[in-house]
Amino acid sequence: MVGLLEDESFEDLIKYLKESRNFDFSGYKRSSLARRVNRQMQDSGITTYDEYRDFLEIHPEEFTTLFNTILINVTGFFRDTDAWTYLRETAIPELLRSGGRDRIRIWSAGCAGGQEAYSLAICLAEALGQAEFRRRVKIYATDIDEEALVDARQAVYSERELAGVPIELRERYFERTGERWSFAKDLRRSVIFGRNDLITNAPISHIDLLVCRNTLMYFTAETQAAILRRLHFALEPNGVLFLGKAEMLLSHGDLFKPLDLKRRFFAKVAEPTNRERSPLLIGMKPRQDGFLHDPRRIYEEALASSPLAQVVVDSDGLLALSNYRADEMFALSRNEIGRPFQDLELSYRPSELRSAVQQATTERRSVWIREVEWNRPDSKQWLDIQIVPLNDRDGTPVGTSIYFTDVTDFRQLQRELEYAHRQLETAYEELQSTNEELETTNEELQSTVEELETTNEELHSTNEELETMNEELQSMNDELQSSNDELRNRTNQIGELNDFMRSILGSLEAGVVVVDPELRVQIWNQRMEELWGVRTDEAIGQFLFNLDIGLPVDELRPTLRQVLSEDGSEQPVPLVRAINRRGRSIDLQVTVSPLRAARDTQTVGVIILMESQAVEDAS
């Protein structure tokens, strides 16, 4: 039971790595994968997979160390010298003779730090010459590890890493920079690095030489088979596959045949023709005029011309047949025959069919997927999809037939019928509601007539009350008019008094400023404007000591506090030296007097008189 729980925890960890960092290790061999994860867990002092997942969530930098442990990027220049000698002396010359192509495309899958890709570049440059290499060769180097790709793009290596490169090649293709060596920049441009997951990403196509060394051995047999089908698709008909020492391909003779089994070089097996792919045509004998026998030909043409779109998938998961309607509907071509069904867009669009095909095969019954909505570029369709398992006479499964029925018109009619039905129900409900509303309205009208009669009587009473209120308001208006005249007279008197006070203050030769107990300016006469250059509207309401004037306020502060005290009295101040608005020094005779309320002895402010005396020129 504990072992089962550990397996579930390990699978949860693998799923978490895929969801959080897009690294899919589900196809890797569980024994070697678990061994590497356990090694990293021991280094981190963790004993369970659940604890390690929590550790990864808290310490995201641990992902890098873990991936480096799992993806053991062990590589080197010209690793396994005997195999590279065969590549240089036999495989590449044969490829150049038989290729017949101006452009040569090479794929290094699982390139790690780039040593393998640059080794390929050196071999091709030696065979073609550097100028011809730059013109004709493109090397695509891919890996799942982004950090390894960063190092590979830099193309800088230590003395130890270049141990496998002969001295003459090192001097010809590398430039020394301090203690390290960098690959020649003009050849580096022909090597293109990129991330590619052999399990999930599409393969690079039209490849003449595919190097995938010591990578397949980390995957399960099922995953290896899927990857090899992708590599087979990537290669040109005369393409060559170069594997590592631990990879044999003994069980994949339908895809590759050995060129040199000891050194792990394989050639692509040619794909079968359309006639060979189609199981319906196997065993049919042509007549003397070159045509097939009529019954079989009629059967094939009937299937191909059926108005119902149909495809057939064989027991190996390969597309075996598709009729004309399916070709037109899903843009299939004859070249798709024999390809893995799961690699076709049809397998997941307009609906996910791979699981349905598996279900129909396992349960040996038809599976229906109803009313699948398919948004095409120029229209929208609805399809009913039926997956039917195919068995031979003794019950052995031989494949699956998939039928696509266009139910768009039926779906449209059904929607229109449902819409009409809903409208009819709505109209009936509205009619019922209207009838009830009419009855209610009649009752409300009768009630309204009674309320209007009552309201009329209330209006008569209200009118009499309004007449009485109108008389009272007229009396109040007369009183308010009298009060308004009296207030206007008093306002005029106050205005005349203010004018009189301003005249007095303006006529004084001394500067006058009146402040409240918080020392905020209340009065500022014209002489103060002339003396300090601050207008009255700028001074009123300002704190006296905050005004930007040339008065030494610190000398006046003690006197002001004393005058503001309860027993304060008028206080003369010795001559004060100040700077007027013209920047000249003046002597001020300052007198500080308390301002008291008219009928109270409480001090409500301070009156400050300033008389200026010119300062005699010292010269």
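Source: prediction; values computed, not measured. Every chain's residues receive numbers from 1 upward, in the order its sequence appears when written. Owing to the predicted nature of the model, reporting of local features is limited to residues with pLDDT of at least 70; listing and counting of side-chain atom pairs is limited to 80 or more, with chain, interface and lining totals taken over all residues. The basis for every side-chain value is the complete set of non-hydrogen atoms in the structure, without hydrogens or water.

A. Representation of the pairing of strand E15 (residues 397-406) within the structure. By definition, two strands form a pair when at least two bridges between them are found by DSSP. Secondary structure elements are taken from DSSP: a helix is a run of H or I of four residues or more, a strand is a run of E of two residues or more, and numbering for both begins at the N terminus. Summarising the sheet, strand E11 (residues 309-314) and E15 pair through six bridges and their orientation is antiparallel. Along E15, the bridge assignment pairs Asp314 with Gly399. Sheet analysis places strand E14 (residues 380-391) next to E15, joined by nine bridges and oriented antiparallel. Note on E15: the bridge partner recorded for Ile387 is Ile402.

B. How the structure looks around the confidence of the model for the protein chain. Predictor confidence is given residue by residue as pLDDT, running from a minimum of 0 to a maximum of 100. Of all residues in the protein chain, 86% have pLDDT values of 70 or greater, and the mean over the chain is 81. Looking over the protein chain, one finds the lowest element-wise mean pLDDT in helix H12 (residues 274-277), namely 44, and the highest in helix H6 (residues 115-128), namely 93. Every residue in residues 273-294 is under pLDDT 50, and counting partners more than four places away or in other chains gives 32 contacts. Contacts: residue pairs with any heavy atoms within 4.5 Å of one another.

C. The arrangement of the pairing of strand E12 (residues 319-322) in detail. Judged from the three bridges that link them, E11 and E12 form a sheet pairing that is antiparallel. Looking at E12, one finds that Val311 is bridged to Ser322. Here E11 hands over to E12 after four residues, with Gly317 in that stretch at a positive phi of 80°.

D. View of the environment of Thr65. Within the secondary structure, Thr65 is located in helix H4 (residues 62-70). Burial here depends on accessible area, computed with a 1.4 Å probe over protein chains only, as a share of the maximum for the residue type. Under 20% is buried, over 50% is exposed, and the range in between is partly exposed. Accessibility expressed as a relative area gives 35% for Thr65, which makes it partly exposed. Placed 25 residues apart in sequence, Thr65 and Gln40 show a C-alpha to C-alpha distance of 8.0 Å.

E. Structural detail: the nonpolar core. Core analysis: the largest hydrophobic core is formed by 45 residues, its most contacted members being Leu87, Ile139, Phe174, Phe183 and Phe193. At nine residues, H6 tops the list of elements feeding residues into this core. Nonpolar core, defined: a set of buried Ala, Val, Leu, Ile, Met, Phe, Trp, Tyr and Cys residues in which side-chain atoms within 4.5 Å join the residues together.

F. View of the environment of Leu255. Mapped onto the elements, Leu255 comes out in the loop between strand E8 (235-243) and strand E9 (256-260). Measuring from C-alpha to C-alpha, the distance between Leu255 and Ala270 comes to 7.9 Å, with 15 residues separating the pair along the chain. Those residues in contact with Leu255 that lie beyond four places of it in its chain are Leu228, Arg229, His232, Ala267, Lys268 and Val269.

G. Just the pattern of salt bridges, in detail. What counts as a salt bridge is simple: a side-chain nitrogen of Lys or Arg found within 4 Å of a carboxyl oxygen of Asp or Glu. Evaluation of the coordinates by the stated rule reveals 24 salt bridges. Of the charged contacts, one joins Arg349 and Glu345 as a salt bridge, the two residues approaching to 2.3 Å between their closest N and O atoms. Of the residues examined, Arg349 reaches a relative accessible area of 41% and is grouped as partly exposed. Using a relative accessible area of 43% as the deciding quantity, one classes Glu345 as partly exposed. A salt bridge links Arg488 to Asp485, with the nearest nitrogen and oxygen atoms 3.0 Å apart. Of the two residues, Arg488 and Asp485 both sit in helix H16 (residues 408-507), three residues apart, roughly one turn of that helix. Overall, the relative accessible area of 32% leaves Asp485 in the partly exposed class. A single salt-bridge network, built from bridges that share partners, covers Asp82, Asp260 and Arg263.

H. Geometry of the sheet that holds E14. If you trace the five strands from one edge of the open sheet to the other, you get E12-E11-E15-E14-E13, paired in antiparallel fashion. This sheet does not close on itself; its edge strands, each paired only once, are E12 and strand E13 (367-375). Shown here is a sheet whose adjacent strand axes are inclined to one another by a mean of 20°, direction ignored. All axes are obtained by fitting lines to C-alpha atoms, using only the stretch in contact for helices, and the reported angles, taken between N-to-C directions, cover 0 to 180 degrees.

I. How the structure looks around the sheet that holds strand E4 (residues 174-177). Reading across from one edge, E3-E5-E4 is the order of the three strands in this open sheet, with antiparallel pairing throughout. Sheet topology places strand E3 (156-158) and E4 at the edges, where each strand pairs with a single neighbour. Going from strand to strand, the sheet's axes swing by 35° on average, the running direction of each strand aside. Against the sheet, H6 touches E3, E4 and strand E5 (180-183), its axis set at about 60° to E5.

J. Structural detail: a negative patch on the surface. A cluster of acidic residues, Asp7, Glu8, Asp12, Asp50, Glu51 and Asp54, forms a negative patch on the protein surface. Positionally, Asp7 belongs in helix H1 (residues 2-21). Only residues whose relative accessible area exceeds 30% and that form no salt bridge are eligible for patches; like-charged ones are grouped when within 9 Å, while nonpolar side chains (Val, Leu, Ile, Met, Phe, Trp, Tyr) are grouped when within 5 Å. We get accessible surface area from the Shrake-Rupley algorithm with a probe of 1.4 Å; when it comes to residues, only the shown protein chains can shield them. Charged residues are defined here as Lys and Arg on the positive side and Asp and Glu on the negative side; His and the ends of the chain fall outside this count. By convention, charge coordinates are those of NZ in Lys, CZ in Arg, CG in Asp, or CD in Glu.

K. Up close: H6. A rise of 1.5 Å per residue sets the reference length of H6, with its 14 residues, at 20 Å; its end C-alpha atoms lie 20 Å apart and thus fit the reference within 8%. Of all the 14 residues making up H6, twelve are buried; the element is thus mostly covered by neighbouring parts of the structure. For H6, the set of buried residues is Gln115, Glu116, Ala117, Tyr118, Ser119, Leu120, Ala121, Ile122, Cys123, Leu124, Ala125 and Leu128. Expected span, for any helix, means 1.5 Å times one less than how many residues it has.

L. View of the packing of aromatic side chains. Aromatic pairing here means that ring centres of Phe, Tyr or Trp (its six-membered ring) are within 6.5 Å. Orientation follows from the plane angle: under 30 degrees is stacked, over 60 is edge-to-face, and everything else is tilted. One pass over the full model with this rule turns up 15 aromatic pairs. Three or more aromatic residues joined by ring pairs make a cluster, and in this case those are Phe77, Tyr118, Tyr157, Phe174, Phe183 and Phe193. In this structure, Arg170 packs its charged tip against the face of Trp181, placed 5.5 Å from the ring centre. Only when the NZ of Lys or the CZ of Arg is both within 6 Å of the ring centre and within 35 degrees of the ring normal is a charge said to sit over the ring. Positioned above the aromatic ring of Phe233, the side-chain terminus of Arg339 is 5.0 Å from the ring centre.

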